[in-house]
Amino acid sequence: MSTTDSRPRILVTRAIFPEVAQRLSEHFDVESNTADDDWSRGELLHRLQDKTGALTFGLERIDADLLARCPHLKICANMTVGYNNFDLDAMRVAGVLGTNAPDVLTETTADFGFALLMATARRVTESEHFLRAGKWTRWQYEMFSGAEVHGSRLGIIGMGRIGQAIARRAAFGFGMQVVYHNRSRLDATLEADCRASYLSKEELLKTADHVMLVVPYSKESHHTIAAAELALMKSTATLINIARGGIVDDGALAAALREKRIAAAGLDVFEGEPRVHPDLLTVPNVVLTPHIASATPGTRRAMAMLAVDNLIGYLIDGRAVTPLNADGLVARAAA
Ligand code: 8YV
């Protein structure tokens, strides 16, 4: 018998840093999607059915059907903080642990939220396209004038770790007045630390100059911003979504942008991505980026390493680092 026969088998569903793959292979028998192909659901199921664990990327739907067909599976470790690809109830019932990768991406993602806010409010990409198209022939006093960022009011919807990091940048770096809405209100110390005050969603939308979405995706947060909410916003306001596709009704947003019912939007995430609502591609007052808020090498490596820590922690040492559904979980028996 080979020495590796008893090692847990891990599937890595996308390409990943070589050093991350190397570390995994020191502990596990690893099958990797090194070609970074877009596996169909059938292909994922086929490759996962004999695996003990998976390093996932927030894209693979882990539900009751998949769990039933992968009887050896004990853990799915997302290298993302978001975990709306997990049906945690089904995973609990099946005795399969889900883990995510929080904290390590907080500051990088908050930086990007701010980059998107600045680019959107100050019309950076729109004016660059104008210049590249050779349309800049003379200076004009109103050319590409945008919205003020410093000193304005920022409304943050979703005040978790990333929301708080954005609030600190806004309050301390840009002298902004920060208001927020969240399922539960922060305690007074944390509010003071972020210099942020709590508002109802409606009051926030009516009064903010810039609205930033950092809320996790769930059935409840689906279309947090749709036509009715857009109608509450100031006509001069900007909307930034770095949370998840589906938090915004992209079709309704495109219409609001086209009719200048709000001034501009910055979107890093899209409903049904990597497809982008075609109407968004034809309006000029929107900045579009391909889900890159956490994309720096250091941060993405740290996210992947945390997923590996979770796989090693759970399958070798018996305890994951950042479990999502460990409470009361009756782990699957060895198959
Ligand atoms: C990921 C993210 O890079 O961590 C998350 O939840 O949204 C990003 O940082 C992205 O989800 C990869 O698919």
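Asks: So what's going on with the site of the ligand? Which residues, and what values?
Replies: Near the ligand you find Phe57, Leu59, Thr80, Val81, Gly82, Leu105, Arg244, His291, Ser294, Arg300 and Met303, and these make up its full shell. For the ligand, an oxygen atom lies 2.6 Å from a polar atom in the side chain of Ser294. One of the side-chain nitrogen or oxygen atoms of Arg300 is found 3.0 Å away from an oxygen atom of the ligand. Here the ligand has 330 Å² of accessible area as a free molecule, and 85% of this is covered by the chains. Of the residues belonging to the shell around the ligand, the class tally is five nonpolar, four polar and two charged.

Asks: I'd love a proper account of the state of the cysteines, names of residues and values included.
Replies: The final tally for this structure, using the stated rule, is zero disulfides. Lacking any disulfide linkage, Cys76 is separated from the closest cysteine sulfur, that of Cys70, by 8.2 Å. A relative accessible area of 0% means that Cys76 is categorised as buried.

Asks: Talk me through the packing of helix α5 (residues 106-121) against helix α7 (residues 161-174); I want residue IDs and the actual numbers.
Replies: In contact at an axis separation of 8 Å, α5 and α7 are set at 55° when each is read in the N-to-C sense. Looking at the two axes, α5 sits oblique to α7. Crossing of α5 over α7 shows right-handed handedness. On the side of α5, the interface is formed by Thr106, Glu107, Thr109, Ala110, Asp111, Phe114 and Met118, while α7 contributes Arg161, Ile162, Ala165, Ile166, Arg169, Ala170 and Phe174. Its residues assigned to classes, the contact of α5 with α7 shows eight nonpolar, two polar and four charged.

Asks: Tell me what's going on with the pattern of salt bridges, and back it up with residues and numbers.
Replies: A complete count under the given rule lists 24 salt bridges for this structure. With a shortest N-O distance of 2.8 Å, Arg261 and Glu259 are connected by a salt bridge.

Basis of the calculations
Residues numbered from 1 in each chain as written. Predicted model: local features only at pLDDT ≥ 70, side-chain atom pairs only at ≥ 80, totals over all residues. Heavy atoms only, no water. Near = heavy atom within 4 Å. Polar contact = N/O pair within 3.5 Å; in protein donor to acceptor, adjacent residues only side chain to side chain. Areas by Shrake-Rupley, 256 points an atom, 1.4 Å probe, with all protein chains shown as cover. Nonpolar A, V, L, I, M, F, W, Y, C, P; charged D, E, K, R; others polar. Disulfide = S-S within 2.5 Å. Buried < 20%, exposed > 50% of the residue type's maximum accessible area, 1.4 Å probe, protein only. Axes fitted to C-alpha atoms, helices over the stretch in contact; angles between N-to-C directions. Helix = DSSP H or I, 4+ residues; strand = E, 2+ residues; numbered from the N terminus. Parallel < 35°, antiparallel > 145°, perpendicular 65-115°, else oblique. Left-handed = near helix turned anticlockwise from the far one by under 90°. Contact = heavy atoms within 4.5 Å. Salt bridge = Lys/Arg side-chain N within 4 Å of Asp/Glu carboxyl O.

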